[in-house]
Amino acid sequence: MVGGVLNSNLKRFAPLQQNFQVSLPVLFSTLKPWCWTQKPQLHSFIRAIATLPPIPPTPPHTFVPLRSFSDRVYLKNREIDAFVKRRNPNAALAVFRGTPPRDTVTYNLMISAFRERPSRALRFYAEMGSLGIRESATTLASVMAVCTDAAFFREGVQVHCRAVKFGFSCNLFVGGALAGFYAHVGLCGVALELFDELPERNLAACNVMLRGLCELGRVKVEDLLGFYSRMCFEGVDPNGVTFCYLLRGCGGQRRLREGERIHGCVLKVGLVESNVFVANALVDFYSACGCLVGARKCFEDIEDEDVISWNSLVFVYAENDLLCEALEVFSVMQVWGHRPSVRSLVGLLNLCSRSGKLCFGKQVHCLVMKLGFGEGSVHVQSALIDMYGKCRDIEGSVAVFEGLPGRTLECFNSLMTSLCHCDAVDDVVELFGLMVDEGVVPDEVTLSTTLKALSVSASASFMGSQLLHCYALKSGFGGDAAVACSLVDAYSRCGHVELSRRIFKSLPSPNVICFTSMIGACARNGMGKEGIALLQAMIERGLKPDEVTFLCALAGCNHTGLVEEGRVVFDSMKSLHGVDPDRRHFSCMVDLLCRAGLLHEAEELLLQAPGKGDCFMWSSLLRSCRVHKNEEVGTRAAQMLVELDPDDPAVWLQASNFYAEIGKFDEARQIREVALARKMTREIGRSLIEIRP
């Protein structure tokens, strides 16, 4: 059999025998590796080679052309394809530039070779069109995949127009790629319309749609399950990839019941035992829903645990702040000879970030360096920078950042958030300039973080917020929710509430965070009634306010003196919305009552606060007692305040001033003498204002 294949290949290359140096490597490449291990096949190959006529000597520097253009293109494409499969795009590019013959297949190979460099891949596509080489269905599908991965919306729409122009829009592969692209950029309606127009909906097209819907994040689980039911109704049998996407969608929205139904379908088709990716997806799903028992059981049901299974379980325990269990699994995994992956290391570093365990984080950093992940993984690098920053070791974050061989967008964003966390907001703005100078293109996280730093910085300016706003609009991030919220906050801190309101109204579907930002903007500028109206509109839309939303609403009532509205908001937190008030809400409510002169009610509420209040609450009460001349409540507040924070000189001074104002000069002098004996000194405050033109 092999001898027959060889003879047929030799006849195919008979016209090329004069240039045997070219044909022989291609002949060898047609053989499968296993055929060399069998002696009869090897003898057949030798006999076939022996039948070739002798090669005439070729003068040096003489090029012997192949017989036809198609033969030359075929050989060149074979060589490019070999380099593409070896993931060596530079070598493929060298062959591409070496000789002129190119066809559609040549450009298809180059586009797939440079898929991870989307701008370069699109340049090949543009060059292909400029030379008049007509694209095929494979070309359009590959280019749409590039646009999807890189989120190139404008270019993707242009490619869609080309597909319609040349009649490829109903092609199964092109249509599936188009549907996946629009789902990825958030246009689910367009994606579903394109999907419905396909003449045939196979498993690959359905999985592309599911991937786009899952990655979007805003699609309800009911829609995902409805799409799955439609698949089954149309006779498309799901595979492991289908269930992985469905489980990811349920886990992302913490829908345990729906995920358990998918688990039942997985068990029914028998994929738990045969597909380790589905088994790991089940572990991730139960961990995302907080069901550690289910995650552990799914892990134990895997017959042959691979490195992905072990690292998934480590990540599960780390994400749920179970350090001892995570370390136990991490150790057992290495005993069984499984090497830790990026995922488990990132999970442990994130655990350190949340808990502030700097010492343990440094140990994980040492392990990262030992395993060689320090320079090769962007995720580990950004997690290290974030860990040091969240543990308030900003020098460690900067040291990791400066030691990187190549500074990526993720690492810049991690350092920016670390600087914000450590209150080094001026350095964030400077880092943004450095990022632009180095040619790293900012994304929505960069702009949101920089705007937040600029709004709370001592050198904050309206002009700086406007410049970043223009950059966001130019870059296409003006409609992003995180950027919009940061702009609302930045403009409101500069006193331009009207601009904040315009940005808020421009959002097509504002979420809880957007409403909270706008309520905070109103509160910051003494517009308490407008904040209460926004809170009511938010509830009517079916959005559930969180503790920050109520805090902003109470702050607006406090600054505007809306006592009755504040009482209603505070009482509705627990009774209507299931949100337990914490110290911040009690402090805001106590301050509201104190400003209104309701000192006895404020004292009663303060005693109900967690830990019977803190220094800020008692200080607010004492300050109001001085204003309203309430000696009884003020005396109790002064005593409690000194007991709570005896090391703060401001506390002793405030208590002394209160006793002096009510005529108890002996107590006032005694308190001052105690403060002097402790050598307490007050820190001098400074203020900075910007005068608007």
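Residues numbered from 1 in each chain as written. Predicted model: local features only at pLDDT ≥ 70, side-chain atom pairs only at ≥ 80, totals over all residues. Heavy atoms only, no water.

Trainee: Hey, could you run me through empty space enclosed by the protein in this one?
Mentor: Sizing a probe to match a water molecule and rolling it over the atoms shows the empty space that remains. Across all of its chains, the model carries 2 cavities of 30 Å³ or more by this definition. Put simply, the second largest cavity is a space of about 30 Å³. The wall of the second largest cavity is formed by S169, G175, L178, L194, E197 and L198. A per-class count over the lining of the second largest cavity returns 3 nonpolar, 2 polar and 1 charged. (1 Å grid on protein atoms, 1.4 Å probe; cavity = no way out; pocket = protein on both sides within 12 Å on 5 of 7 lines; lining within 4 Å. Points joined across faces, edges and corners; volume = space filled by probe spheres on them. Nonpolar A, V, L, I, M, F, W, Y, C, P; charged D, E, K, R; others polar.)

Trainee: How do you make sense of the side chain of S344 when you look at a structure like this?
Mentor: Within the secondary structure layout, S344 lies in helix 21 (residues 342–355). Residue classification places S344 among the buried residues on the basis of a relative accessible area of 0%. A polar contact of 3.0 Å, which involves the side chain of S344, links it to the backbone oxygen of S341. Other than its neighbours up to four places away in sequence, S344 contacts N311, V314 and F330. (Helix = DSSP H or I, 4+ residues; strand = E, 2+ residues; numbered from the N terminus. Buried < 20%, exposed > 50% of the residue type's maximum accessible area, 1.4 Å probe, protein only. Polar contact = N/O pair within 3.5 Å; in protein donor to acceptor, adjacent residues only side chain to side chain. Contact = heavy atoms within 4.5 Å.)

Trainee: Whenever I open this one, the packing of aromatic side chains confuses me. Can you help?
Mentor: Aromatic rings in a pair are described by how distant their centres are and how their planes are angled relative to each other. Inspection of every chain in the model, using the stated rule, returns 14 aromatic pairs. Ring geometry for F181 against Y182: centres 5.0 Å apart, planes inclined by 70 degrees, an arrangement best described as edge-to-face. There is no split in this pair, since F181 and Y182 are both buried. Each residue in the set F96, Y107, F114 and F124 is aromatic and connected to the rest through ring pairs, giving one cluster. Against the face of F96 rests K76, its NZ or CZ located 5.7 Å from the ring centre. Positioned over the ring face of F195 is R201, at 5.7 Å from the centre of the ring. (Phe/Tyr/Trp six-rings, centres within 6.5 Å; stacked < 30°, edge-to-face > 60°. Lys NZ or Arg CZ within 6 Å of the ring centre and 35° of its normal.)

Trainee: Hey, could you run me through helix 24 (residues 394–402) in this one?
Mentor: Counting along an α-helix, one turn takes 3.6 residues, and residues three or four places apart therefore face a common direction. Residues of helix 24 that are buried include every one of I394, G396, S397, V400 and F401, and no others. Viewed along the axis of helix 24, the buried residues span an arc of 160 degrees, placing them on a single side of the element. Set apart from the buried face of helix 24 by more than 90 degrees, the exposed residues are E395 and E402. Packed against the buried residues of helix 24 are helix 22 (358–371), helix 23 (378–390), helix 25 (409–421) and helix 26 (425–437). (Arc of directions from axis to C-beta.)

Bear in mind that shape data such as this cannot, by itself, settle questions of function.
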